[in-house]
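Chain by chain, the residues run as shown.
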Amino acid sequence: MQPGDVPATYADVDDLIRDVGFKPSTAIEVGIDRFVRWYRDYYGI
């Protein structure tokens, strides 16, 4: 870690839920895994 780095953060989506009624339901670990698999497939990596 470097000076100024934050050890942990999270997104507060309360405003998003309130304003547009959207509530994310995919865990970040699942979403990242899906994205990486899609990216590799799409770009043939």
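Residues numbered from 1 in each chain as written. Predicted model: local features only at pLDDT ≥ 70, side-chain atom pairs only at ≥ 80, totals over all residues. Heavy atoms only, no water.

A few words on the overall build of the protein chain. Helix and strand counts for the protein chain come out as 2 helices and 0 strands. Projected onto its principal axes, the C-alpha positions of the protein chain cover 40 × 35 × 15 Å. A burial count over the protein chain gives 0% of its 45 residues as buried. With the model as given, the accessible surface of the protein chain reaches about 4600 Å², and the carbon-plus-sulfur share is 55%. (Helix = DSSP H or I, 4+ residues; strand = E, 2+ residues; numbered from the N terminus. Buried < 20%, exposed > 50% of the residue type's maximum accessible area, 1.4 Å probe, protein only. Areas by Shrake-Rupley, 256 points an atom, 1.4 Å probe, with all protein chains shown as cover.)

Let's shift gears to the pattern of salt bridges. Under the defined criterion, the tally for this structure stands at 3 salt bridges. Two residues, Arg18 and Asp15, come together in a salt bridge whose shortest N-O distance is 3.0 Å. Here the residue Arg18 and the residue Asp15 both occupy positions in helix α1 (residues 14-20), the gap between them amounting to 3 residues, near one helical turn. For Arg18, the salt bridge identified is with Asp19, shortest N-O distance 3.2 Å. (Salt bridge = Lys/Arg side-chain N within 4 Å of Asp/Glu carboxyl O.)

On the surface, Ile28, Ile32, Phe35, Val36, Trp38, Tyr39, Tyr42, Tyr43 and Ile45 cluster together to form a nonpolar patch covering roughly 1000 Å² of accessible area. Note on placement: Tyr39 falls in helix α2 (residues 28-43). By relative accessible area, which is 36% here, Tyr39 ends up partly exposed. (Patch = residues over 30% accessible without salt bridge, like charges linked within 9 Å, V, L, I, M, F, W, Y side chains within 5 Å.)

A separate point is α2. The periodicity of an α-helix, 3.6 residues per turn, causes residues three or four positions apart to be oriented the same way. Counted at 1.5 Å a residue, the expected span for α2 with its 16 residues is 22 Å, and the 22 Å between its end C-alpha atoms agrees. Downstream of α2 by one or two residues, Gly44 has phi in the positive range, about 65 degrees. (Expected span 1.5 Å × (residues − 1).)

Taking relative accessible area as the criterion, Arg18 reaches 59% and is therefore assigned exposed. In this structure, the C-alpha to C-alpha distance between Arg18 and Gly4, residues 14 residues apart in sequence, is 32 Å. In this structure the side chain of Arg18 is engaged in a polar contact, spanning 3.0 Å, whose partner is the side chain of Asp15. (Polar contact = N/O pair within 3.5 Å; in protein donor to acceptor, adjacent residues only side chain to side chain.)

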